[in-house]
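One letter stands for each residue in the lines below.
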Amino acid sequence: MVVRRIFEMRAAGYNIKRIATVLNDEHILSPDDYRYKMLHKESPRYTHYLWSVIAVKRILRNQINTGNLAQMRTTTVSYKNHKVIRKDESDWVIIEHNHEPIISQELWDKVREVDASVSTGKKTKEGVTLPLSGLCYCADCGTKAKQQSSGGGNTRAGYACGKYSYYGKKYCTSHYITVRALNQLVLDDIQRQIEFVKTDSNAREKYLARKRGLYAEQQGNDKKRLKEMGKRIAELDRLIGSVYEDKVSGKMPEDMAFSLLEKYQVEKKFLQAEYDELTRRMALDLIEYITLDENPRKKSIPRDIHIYYKLIDRPLTDKKNALA
Ligand SMILES: [Zn+2]
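Thresholds applied
Residues numbered from 1 in each chain as written. Predicted model: local features only at pLDDT ≥ 70, side-chain atom pairs only at ≥ 80, totals over all residues. Helix = DSSP H or I, 4+ residues; strand = E, 2+ residues; numbered from the N terminus. Buried ≥ 20, exposed ≤ 12 C-beta atoms within 10 Å, placed from the backbone. Contact = placed C-beta atoms within 7 Å. Axes fitted to C-alpha atoms, helices over the stretch in contact; angles between N-to-C directions. Parallel < 35°, antiparallel > 145°, perpendicular 65-115°, else oblique. Nonpolar A, V, L, I, M, F, W, Y, C, P; charged D, E, K, R; others polar. Core = buried A, V, L, I, M, F, W, Y, C linked by C-beta atoms within 7 Å. Pairing = 2+ DSSP bridges. Arc of directions from axis to C-beta.

To continue, consider the overall build of the chain. A tally of regular secondary structure across the chain gives eleven helices and ten strands. A total of 324 residues make up the chain; the buried ones form 19% of that total. Contacts in the chain between residues at least 24 apart in sequence constitute 54% of all its contacts with a sequence separation of at least 6.

This is the structure in structure tokens:
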């Protein structure tokens, strides 16, 4: 199913041009060509049998694919002027669950998240998109940071000022930071933010009010999931504790206690692994962008890294330059 594949490619972070190229490379008929083929007619228009960026975009924005029918998408200026104008998305009338969906609401939402994010990310040689790929900018010149991969594994991979990387030290300085250090720093800060929103009821109210306004439909984001995982880990700790107690007091046979303990501990390990790792999904959900200050001359001076959060901070106006 071509439509679903297009959505899946986009959700996986492909840019629109790349999706069109994949479809063209596989000789998949473009929507226009397909329609005329079904009608057994020659297309009256000049056609080059290729997917354009516009054709891919049109599919990705068409709510009909989720089973919702978007109506009143266009309007005319007046009854005399019949020029068709596309209306702003907020003015569309959406009829939900109108027909069988081609793609799930979840996939649709994921594609919207990718659209809204500052970055679609760049894959490393190993084919992974790093969590903060494309979200970092130089604090001094505003240029997007260049992701530097290293030959020997991921340990020396890092981000550096794009201008410096491409044009040299005459134009900016390196601003280098390793992927590992930045990921850890960001994860720590996210967890602090979660704590803050959780404990400060004022902050929570503000956050929720913005969230309702901006992402009314967004569900199941990673903040919520993190919270649930945290709860489950605490619960597992309790369960593990009580199995030990029951075993010691003889309420539970030893082999049964062992198998239960093993089960709980495996689950806990998995949860913690996820909880302790910054994921691409988490980064895209929560972070608008990051600016990297230069490394201070002396080790004793702290370095500034600013993390701008979605919903909390102002969105970036120019994706090419953070200082614009
Ligand atoms: Zn710079």
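This part takes up the packing of helix α1 (residues 2-11) against helix α4 (residues 53-60). At a minimum axis distance of 10 Å, the contact between α1 and α4 shows a crossing angle of 95°. By the angle between their directions, the pair α1 and α4 is classed as roughly perpendicular. On the side of α1, the interface is formed by Val3, Ile6, Phe7 and Arg10, while α4 contributes Val56, Ile59 and Leu60. Class assignment of the residues belonging to the contact of α1 with α4 gives a composition of six nonpolar, no polar and one charged.

We now examine the nonpolar core. By size, the foremost hydrophobic cluster in this structure holds 28 residues, and its most contacted members are Leu132, Cys136, Ala145, Tyr159, Ala283 and Ile290. Listing elements by their share of this core, those giving two or more residues are β5 (136-138), β7 (158-160), α7 (179-199), α11 (280-286) and β9 (287-292). When residues no more than four places from it in sequence are discounted, the contact partners of Ile290 are Leu132, Leu135, Cys136, Tyr137, Ile305, His306, Ile307 and Tyr308. Core analysis: the next-biggest nonpolar cluster, separate from the first, contains 13 residues, Ile16, Ile19, Leu23 and Val56 among them.

Attention shifts here to the sheet that holds β9. Pairing is mixed in the open sheet, where three strands are placed in the order β5-β9-β10. Two strands close off the open sheet at either side, each with one partner strand: β5 and β10 (305-309). Taken over all neighbouring pairs, the strand axes of this sheet differ in orientation by 25° on average, direction set aside.

Pairs of packed helices are described in terms of their axes, by the angle between the two and the distance that separates them. In the contact formed by helix α2 (residues 16-25) and α4, the axes pass within 9 Å of each other and the chain directions differ by 105°. Looking at the two axes, α2 sits roughly perpendicular to α4. Where α2 abuts α4, its residues Ile16, Lys17, Ile19 and Ala20 lie against Val53, Val56 and Lys57. Class assignment of the residues belonging to the contact of α2 with α4 gives a composition of five nonpolar, no polar and two charged.

It is worth spelling out the pairing of β9 at this point. With respect to burial, β9 is a largely interior element, five of its six residues being buried. Relative to β9, β5 runs parallel, the two sharing three bridges. Bridge pairing in β9 places Cys136 opposite Ile290. The sheet contact formed by β9 and β10 spans five bridges and is antiparallel.

Below, the discussion takes up the environment of Lys319. Among the secondary structure elements, Lys319 is positioned in the segment after β10. For the pair Lys319 and Gly134, spaced 185 residues apart in sequence, the C-alpha separation works out to 9.7 Å.

The next thing to look at is the sheet that holds strand β8 (residues 177-178). Each strand in a sheet pairs with its neighbour through backbone hydrogen bonds, running either in the same direction (parallel) or in the opposite one (antiparallel). What the three strands build is an open sheet, ordered β6-β7-β8; its pairing is antiparallel. Of all strands in the sheet, those bounded by a partner on one side alone are β6 (146-148) and β8.

A few words on unusual backbone geometry. You will see that His27, though not glycine, has its phi angle at about 55°, which is positive. Mapped onto the elements of the fold, His27 is located in the loop between α2 and α3 (31-38).

What follows is about α1. Here α1 has its buried residues at Ile6, Phe7 and Arg10. Looking straight down α1, one finds its buried side chains confined to an arc of 95°; they lie on one side. Looking one or two residues beyond α1, the residue adopting positive phi is Gly13, at roughly 100°.

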